[in-house]
Amino acid sequence: MSEELKKEEKSLNFLEEIIEDDLKNGKYKSIVTRFPPEPNGYLHIGHASSICLNFGLTRKYPGYTNLRFDDTNPVTEDTEYVDSIKDDIRWLGFEWKNERYASDYFDTLHGYAIKLIEKGLAYVDDITAEEMATLKGTPTEPGKNSPCRDRSVQENLDLFARMKAGEFPDGAMTLRAKIDMAHINMLMRDPILYRIKHAHHHRTGDKWCIYPMYDFAHGQSDSIEEITHSICTMEFVPHRELYDWLIEKLEIYPSHQYEFARRNINFTVTSKPNLLQLPTEKFVPGWDDPRMPTITGLRRRGYTPDSIREFCDRIGIAKRDNIVDVGVLEFCVREHLNKIALRRMVVFDPLKLVITNYPGGEEMLPSENNPEDPAGGERLIPFSAELCIERDDFMENPPKKYFRLAPGQMVRLKSAYIIRCDEVIKDEKGEVKELRCTYIPESKSGSDTSGINVKGTLHWVSFPHAVSLEIREYDRLFKVEDPSDEEGDFKDYLNPASLKIVSTALAEASLAKAVFNERYQFIRKGYFCLDKDTSASRLVFNRTVTLKDGWSKEAKKG
RNA sequence: UGACCCAUGGUGUAAUGGUAACACUACUGAUUUUGGUUCAGUCAUUUAUGGUUCGAAUCCAUAUGGGUCAACCA
């Protein structure tokens, strides 16, 4: 126990180390973090990492986390996204202290801009975007000053006021910080602070026609909220210099930025422009398609919040580039679902099986709901002479180590009897149509006195009692590990077999009463959940993940 | 041809100058009325070269490799 505790203490990530230091040496008594999404898309598994990090930190240490929407670009942002983001965070199991918007601070930010102008640290520029790009220089060549750089404070104040008043069209002018056009860091070459956009904002409406840029909104919002640890991804490392510069010149609360490497997962994409194309260009029906790496997609797929949190925890955070194997995510969801899923029997590709010596009628057989959970109870499953089993579970000429059904071979039917295959009936094309079997009456589950030992146990359903199901089997969305790293368009690498619809499935009767949010394990097949496309006349199930399959590996070996 | 960031098994993450470890994967075996689960075990790691030091994954230098930066995006 104490050793376990010690281990836990030891494996702090680099941010926890920084925070523990800050707390220990009295820099802060408590910490404040924030999760700062831009409301222009749905949250994905990469965001989950950031959410778990930011909220997790203030769960572990004294303090709290704000949710702040970085809504400084009205052209791309929308309330639809605000709602989905809040929903996803809550579903993941986190609650924010304050819900804030960068747009809440537009007035303050405007004041900050004026302060900078008055200090001679910002100016209004009216050169074109092209000219500005040219004057900016390149990473290896210094830039050149804009002709507008030396305007008087008074002139700048006047021009900025007229920008705000809407006197100029989009793109006509910008407010720029006056730093150093020869700076080695391109972001310090007089970055744009404000631009003109005559656009309707989802929260401020038409109040503004000038909007702050990210660099003039994010750090300032952090400061206003007195965020102690502003955590972002590595691509913002060069921004930190500007972040600090602005805070210093504005003489406001000194928030600090820390960076970690974004988590990448193989066989999917999470970059915003790429992800956006999938639903908008109809490669998938929507953001919540179960193949999408979005939180809402994973949720519909049947992933649990616990499994996603566990995943984020396991993969940790660091600063180096990484591609996490999607197998880890699958491991986490199997681990959780194994504990909570109700076991049910479903035959996907039915093969008729008749018990020739069954007396007729039916009987109800008990079967445990979850062998991992003794408190989970049992249900009754109807058994009759007319059954079906998985077509895959029978082979006329089985290889070695095949434990399933074959002519003359015996298997156990899960929670029922041991049967022997006596006869194979084929149609005119030679396809196996039906199996004739005899059952061993004294081999009944729970009271087996037959003394017979069989290697294989099959799932089955009673044909007259069966319920028909539609099953959607999902596979990885892309057929290559890193689609955006391949030649050409990433969409060329979509997996054409990412969705397979099984419409022949027959389930045990109890599944007619399946409910949303319940997790099921279809024995020997995988984990499934009811999909929202379910209607009164049609039960639709999503396959969350398959069971680990030792046999297919064995079979491949020959 | 610049600056910045990064470099530990196949993958992800630890080890904070003192025996390179944990998890996933893969592979063996045991158990099993799910070829699942569980349990036991095996394989496999410090980018390179110098330096500092009694001692280096850790500190320093150089090289190499990967990533980022020239949006009125965030």
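In this numbering scheme, every chain counts its residues from 1 along its sequence in written order. Ligands are numbered from 1 and chains lettered from A, in the order in which they are written. Side-chain atom pairs in this predicted model are given and counted only at pLDDT of 80 or more, local residue features only at pLDDT of at least 70, and totals for whole chains, interfaces and linings cover all residues. With hydrogens and water set aside, each side-chain value is computed from the structure's full complement of heavy atoms.

**Points about the pairing of strand β16 (residues 410–413)**
1) Next: Here a strand pair is declared whenever DSSP counts at least two bridges between the two strands. In this description a helix means any DSSP run of H or I spanning at least four residues, a strand means any run of E spanning at least two, and both kinds are numbered starting from the N terminus. Pairing of β16 with strand β17 (residues 418–426), which is carried by three bridges, proceeds in the antiparallel orientation. Directly across from Met410, in β17, lies its bridge partner Arg420.
2) Next: Pairing of β16 with strand β19 (residues 457–458) involves two bridges; the strand directions are parallel. From the neighbouring strand, Arg412 faces β19, where its bridge partner is Thr457.

**What to know about the sheet that holds strand β11 (residues 346–347)**
1) Next: Taking strand neighbours across the sheet as the criterion, the seven strands line up as β10-β23-β24-β25-β21-β22-β11 in an open arrangement whose pairing is mixed. Here the strands that pair on one side only, and so sit at the sheet edges, are β10 (342–344) and β11.
2) Next: Direction of pairing for strand β23 (residues 520–522) relative to strand β24 (residues 526–530): antiparallel, over a ladder of three bridges. If you follow Tyr520 over to β24, its bridge partner there is Phe528.
3) Next: Packed onto the sheet, helix α13 (residues 326–340) meets β10, β24 and β25 (539–546) and runs at close to 120° relative to β25. It only takes one pair of heavy atoms within 4.5 Å for two residues to be counted as in contact. Helix axes use the C-alpha atoms of the stretch in contact, all axes being lines fitted to C-alpha atoms, and the angles between their N-to-C directions lie in the range 0 to 180 degrees.

**A few points about the domain arrangement of chain A**
1) Next: Partitioning chain A into domains gives domain 1 (3–260), domain 2 (272–342 + 469–557) and domain 3 (346–459).
2) Next: Residue-level contacts link 23 residues of domain 1 with 20 residues of domain 2.
3) Next: Buried area, as used here, totals the accessible surface that two parts lose on assembly, with accessibility defined by a 1.4 Å probe and the loss added over both. When the area that domain 1 buries against domain 2 is broken down by residue, the three leading residues are Tyr42, Ile45 and Trp91, summing to 35%.
4) Next: Taking the shortest distance from any N to any O, the salt bridge between Lys272 and Glu38 comes out at 3.8 Å.
5) Next: We define a polar contact as two N or O atoms separated by no more than 3.5 Å, with the added condition that, inside protein, one atom must be a possible hydrogen donor and the other a possible acceptor, whereas residues neighbouring each other in sequence contribute only through side-chain atom pairs. Inspection of the region where domain 1 meets domain 2 yields five residue pairs in polar contact (both at pLDDT 80 or more).
6) Next: Those elements that place two or more of their residues in the side of domain 1 that touches domain 2 are α2 (14–24), α3 (45–60), α4 (79–92) and β9 (256–260). Segmentation of the chain into domains, including their bounds, is taken from an automatic or database domain assignment. Think of a salt bridge as a Lys or Arg side-chain nitrogen and an Asp or Glu carboxyl oxygen that are within 4 Å of each other.

**With respect to the pairing of β24**
1) Next: With five of five residues buried, β24 is to be regarded as a mostly interior element.
2) Next: Buried residues are those whose accessible area, probed at 1.4 Å on protein chains only, stays under 20% of the maximum for their type, while exposed residues exceed 50% and partly exposed ones sit between those limits. Side chains of β24 alternate between two faces, with Gly526, Phe528 and Leu530 and Tyr527 and Cys529 buried alike.
3) Next: From the end of β23 to the start of β24, which pair antiparallel, there are three residues, and Arg524 there has a positive phi angle of about 70°.
4) Next: Sheet analysis places β24 next to β25, joined by five bridges and oriented antiparallel. Counterpart to Cys529 in the pairing with β25 is Asn542.

**Some thoughts on the protein's contact with RNA strand B**
1) Next: In these notes, residues near a molecule or strand are those with any non-hydrogen atom within 4 Å of it. Taken together, 66 residues lie near RNA strand B, and Glu17, Met234, Arg314, Arg320 and Ser445 sit nearest.
2) Next: Of everything in RNA strand B that lies within 4 Å of the protein, sugar and phosphate atoms constitute 60%.
3) Next: Within the side chain of Asn73, one N or O atom sits 3.3 Å away from a sugar or linking oxygen of RNA strand B.
4) Next: Elements represented by at least two residues in the surface near RNA strand B include exactly β6 (192–196), α12 (305–315), α13 and α14 (550–557).
5) Next: The element that contributes the greatest number of residues to the surface near RNA strand B is α14, accounting for four residues.
6) Next: Each residue is assigned to one of three groups, with Ala, Val, Leu, Ile, Met, Phe, Trp, Tyr, Cys and Pro labelled nonpolar, Asp, Glu, Lys and Arg labelled charged, and all others, Gly among them, labelled polar. For the surface near RNA strand B, a count of residues per class yields 24 nonpolar, 18 polar and 24 charged.

**Concerning the nonpolar core**
Nonpolar side chains in soluble globular proteins tend to end up buried together.
1) Next: Judged by nonpolar contacts, the single largest core of 36 residues is most densely connected at Ile51, Ile89, Leu92, Ile308 and Phe311.
2) Next: Shared between two domains, this core takes at least three residues from each, and those domains are domain 1 (3–260) and domain 2 (272–342 + 469–557).
3) Next: Sequence-distant contacts of Phe311, that is, excluding residues within four places in its chain, are made with Ile45, Ile265, Val324, Val328, Leu329 and Cys332.
4) Next: Among buried residues, those of type Ala, Val, Leu, Ile, Met, Phe, Trp, Tyr and Cys that are joined through side-chain atoms within 4.5 Å constitute a nonpolar core. Counting residues in hydrophobic clusters, the runner-up holds 34 residues, among them Tyr112, Ala122, Ile210 and Leu242.

**So, the side chain of Thr438**
1) Next: Take Thr438: it is sitting in strand β18 (residues 432–439).
2) Next: Beyond its immediate sequence surroundings of up to four residues, Thr438 is in contact with Ile355, Thr356, Asn357, Ile418, Ile419, Arg420 and Asp422.

**Observations concerning the packing of helix α5 (residues 106–118) against helix α7 (residues 153–164)**
Helix-helix packing: each pair is described by the crossing angle between the helix axes and the interaxial distance.
1) Next: Following both chains from N to C, one finds α5 and α7 inclined at 160°, their axes separated by 9 Å at the closest point. Relative to α7, the element α5 lies roughly antiparallel. Between α5 and α7 lies a crossing whose hand is right-handed. In this structure, α5 contributes His110, Ala113, Ile114, Ile117 and Glu118 to the contact, and α7 contributes Val153, Asn156, Leu157, Phe160 and Lys164.
2) Next: Classifying every residue of the contact of α5 with α7 by side-chain character gives six nonpolar, two polar and two charged. By definition in this entry, angles of less than 35 degrees are roughly parallel, angles greater than 145 are roughly antiparallel, angles of 65 to 115 are roughly perpendicular, and the rest are oblique. Handedness of a crossing follows from how the near helix is turned relative to the far one, being left-handed for an anticlockwise turn of less than a right angle and right-handed for a clockwise one.

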